[in-house]
Amino acid sequence: MKLFPSLLVLTALVLTAFATPSAPAQAQQAPSVAFDWLEYSGSDPTDEFSTPSPDEYRNPIIQGFYPDPSIVRVGADYYLTNSTFGYFPGLPVFHSRDLVSWTQIGNAIDRPDQLKLGRGDMTKGPFAPAIQHRDDLFYIVNTCFKCEWNFVITAKDPAGPWSDPVWLPDLGGGIDPSIFFDEDTGRAWIVNNDIPPGGERYSGHRAIFLQEFDAKGLKTFGPRTVILDAGFKPEEKPGYVEGPHIFKRGDWYYLTAAQGGTGDGHRQVILRSRKVIGPYEPKADNPVLTQMDLPDRRLLPVTSLGHADFFSTPKGDWYAVFLGVRPYKQGNFNTGRETFLLPVTWKDDWPEILPARTVVPLRAKRPDLPKGSAPVPTSGPFTVRDEFDGTKLPLHYMMRRAPAERWFSVSGGKLVIRGRTEGLSTEGNPSFLARRLQHQQMSTTTLMDYSGLRRGDVAGLAIGQNEKFWMSVQVERTGNGARVTVRRRAGATDPAEGALLGSAPLRAGPARSIRLRIDGSGPDYSFLFAEPTGGWRILAEKVDGTILSSTVAGGFQGAVVGPFVTDGDAGKR
Ligand code: 6LW
């Protein structure tokens, strides 16, 4: 464990880190708090029977809020990206060579001016991205929901930098665009979801459109054609057909899409045609992937499977990545929608991922690929300790919405966060840096030096879904001392500073360091602290954490946990 620097060194460090021409005065005023390390440790009730043998892997392959996976193979390398909505940086890019160990190599949206994430609703932002590669160039097509809508970005190196967006106005108000490069014709196409011509015949009625794409000029052209109206069995009025991808195998073009919305009714369907523009004939026993046909009341369920992307290895083995959800109680899940992998088998030129009424396997045979490793685990029980060495924040940290100024630095083995009047309940960009919750049982701990806090300022550890649903354990500077508190906001009617669930005075004295801890187990959360000379003390326990599930908090995100600092000046936290 590292020791904190003296106050003098810390002040110098903060002034250097934030000495920008535009904000020198503010930098001297604002509370700055140093976090020495952050340790995240997690496990799941399924670990015992999902522990893979050496020739197996474990599902999900990327746990936590990593929804809508899209994957591309370039030679022996696989790249995968996910949705991030209102979080910044956005669109993580992962690399793997064995499809089991995944390493995040970048974020495709990592410059605040790339997308206008704005204020407000955290679901605003990049929806389901689709990654592709052609002629030494990587492409991501995506919808920035509520910004300027559909766009394409490109990069020579998937780790970045990625270009600024080029908008694709022809794609209309639809979502989930995806590029298909047709090897045989040299032509490129974009498929996406949109309201059908003539409007919805029922609520959630959507269609899949196809339009040709100029991959050099980065624009779509020619007619935009409906290739799937409503989805599989239109007579049953399926809702929200979305996440379409086209791929080719032999002489068949396959169109695959999710339908039923992204909740429990989510499922994957597949169709095929001899021509890219159709007509597409559906597989008779669709859906090709679902858990809807299993009993509702089952132990440790996985639900909502869908949004699949199909691909093959160099040897011709086929796989699909897709999203799934692991509820702990009554459909509540705090871990968001996660990335799964399963092999695809073929019969009569139709793919099968999971036979009907089959529970998604939490362990399966490893792909026949050289075994790799990842420095930061993404699956199974694990502990990740971020020491904040070097000058860069680990790639897995995010903040709410894009920053207008720089308010943190990594230096001297510490993460220093400058508090601003944006707090955990504002619809802007609070000084809160968080990593995803990846397990049903977890413990997150940090060591914090709060000597930079002034009266009214607050700093600590928070876990949340959005500005209306969060919980925290924190130090609050009072007139003549400091106290450690637990607060919780369970909706817009709760006070912006959160309802007080627990409080303890902190001992006076020169030591201003404290360890803070949040433990979660399914819906139950505990909040603890430890002063330098004492052991852990529980401030609040069995706190209802179902507010971290999107079934309560709304939206499509999963929970995130990490350090925050709020400037008490404006009383706006
Ligand atoms: C995404 C859609 C979906 O655009 O949910 O589950 C939406 N699938 O395809 C938000 O992630």
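This is a predicted model, so every value here is computed, not measured. (Residues numbered from 1 in each chain as written. Predicted model: local features only at pLDDT ≥ 70, side-chain atom pairs only at ≥ 80, totals over all residues. Heavy atoms only, no water.)

This paragraph deals with the overall build of the chain. From N to C terminus, the chain includes four helices and 39 strands. In terms of C-alpha radius of gyration, the chain reaches 24 Å, essentially the compact-globule figure of 25 Å for 573 residues. In terms of its C-alpha atoms, the chain occupies a principal-axis envelope of roughly 75 × 50 × 50 Å. Counting every position in the chain, which comprises 573 residues, the buried fraction comes to 61%. With the model as given, the accessible surface of the chain reaches about 21,800 Å², and the carbon-plus-sulfur share is 53%. Looking at charge distribution, the chain has the averaged site of its 64 positive side-chain charges lying 4 Å from that of its 63 negative ones. (Helix = DSSP H or I, 4+ residues; strand = E, 2+ residues; numbered from the N terminus. Rg over C-alpha atoms; globule rule 2.2 N^0.38 Å. Buried < 20%, exposed > 50% of the residue type's maximum accessible area, 1.4 Å probe, protein only. Areas by Shrake-Rupley, 256 points an atom, 1.4 Å probe, with all protein chains shown as cover. Lys, Arg positive; Asp, Glu negative; His and termini not counted. Charge placed at Lys NZ, Arg CZ, Asp CG, Glu CD.)

Using the criterion set out here, one finds one disulfide in the structure. There is a disulfide in this structure between C144 and C147, and the S-S distance comes to 1.9 Å. (Disulfide = S-S within 2.5 Å.)

On to a nonpolar patch on the surface. Residues F49, L299 and L300 make up a contiguous nonpolar surface patch of about 340 Å² in total accessible area. With respect to the element layout, L299 can be found in the loop between β20 (281-282) and β21 (303-312). A residue is classified by how much of its surface remains accessible, and L299, at 77% relative accessible area, is exposed. (Patch = residues over 30% accessible without salt bridge, like charges linked within 9 Å, V, L, I, M, F, W, Y side chains within 5 Å. Salt bridge = Lys/Arg side-chain N within 4 Å of Asp/Glu carboxyl O.)

Time to look at the pairing of strand β6 (residues 90-96). β6 sits mainly inside the fold: six of its seven residues count as buried. Taken together, the four bridges between strand β4 (residues 77-81) and β6 define a ladder with antiparallel strand orientation. Looking across to β6, one finds that T81 is bridged to V93. Here β6 folds back onto strand β7 (residues 103-109), and the loop between the two strands holds six residues, one of which, L99, carries a positive phi near 70°. (Pairing = 2+ DSSP bridges.)

Glancing now at the confidence of the model for the chain. Here the chain averages 93 in pLDDT, while 94% of its residues score no lower than 70. Taken as a whole, residues 1-28 scores under 50 in pLDDT and shows 41 contacts with residues more than four places along the chain or in a different chain. (pLDDT = per-residue confidence, 0-100. Contact = heavy atoms within 4.5 Å.)

Let's shift gears to the sheet that holds β6. Judged by pairing direction, the sheet is antiparallel, and its four strands sit side by side in the order β3-β4-β6-β7 without closing on themselves. Pairing within the sheet leaves two strands with one partner each, and these edge strands are β3 (70-74) and β7. For this sheet, the mean inter-axis angle between neighbouring strands, taken without regard to orientation, is 25°. (Axes fitted to C-alpha atoms, helices over the stretch in contact; angles between N-to-C directions.)

Residue G160 is joined to P161 through a cis peptide bond whose omega torsion reads 0°. With respect to the helices, strands and loops of the structure, P161 is situated in the loop between β11 (149-155) and β12 (166-167). With an omega dihedral of 0°, the bond running from N286 to P287 counts as a cis peptide bond. Of note in the backbone geometry, D136 takes a positive phi value of approximately 65° without being a glycine. Looking at where D136 falls in the secondary structure, it is placed in the loop between β9 (130-134) and β10 (137-145). Its identity is not glycine, yet K237 carries a phi of approximately 50°, on the positive side. Summarising the element assignment, K237 is placed in the loop between β16 (219-229) and β17 (242-249). A relative accessible area of 53% means that K237 is categorised as exposed.

Along any regular strand the residues' side chains alternate between the sheet's two faces. Counting buried residues along strand β13 (residues 175-181), seven of its seven residues qualify, which places the element largely inside the surrounding structure. Judged from the five bridges that link them, β13 and strand β14 (residues 188-194) form a sheet pairing that is antiparallel. Opposite I175, over in β14, you have N193 as the bridge partner.

Turning next to the site of the ligand. Lining the immediate surroundings of the ligand are 13 residues, of which D68, D176, T262, H307 and R337 lie closest. Contacts to the ligand include R337, whose side-chain N or O atom sits 2.7 Å from an oxygen atom. When the free accessible area of the ligand is taken as 290 Å², the share hidden by the protein chains comes to 98%. Its residues assigned to classes, the shell around the ligand comprises six nonpolar, three polar and four charged. (Near = heavy atom within 4 Å. Polar contact = N/O pair within 3.5 Å; in protein donor to acceptor, adjacent residues only side chain to side chain. Nonpolar A, V, L, I, M, F, W, Y, C, P; charged D, E, K, R; others polar.)

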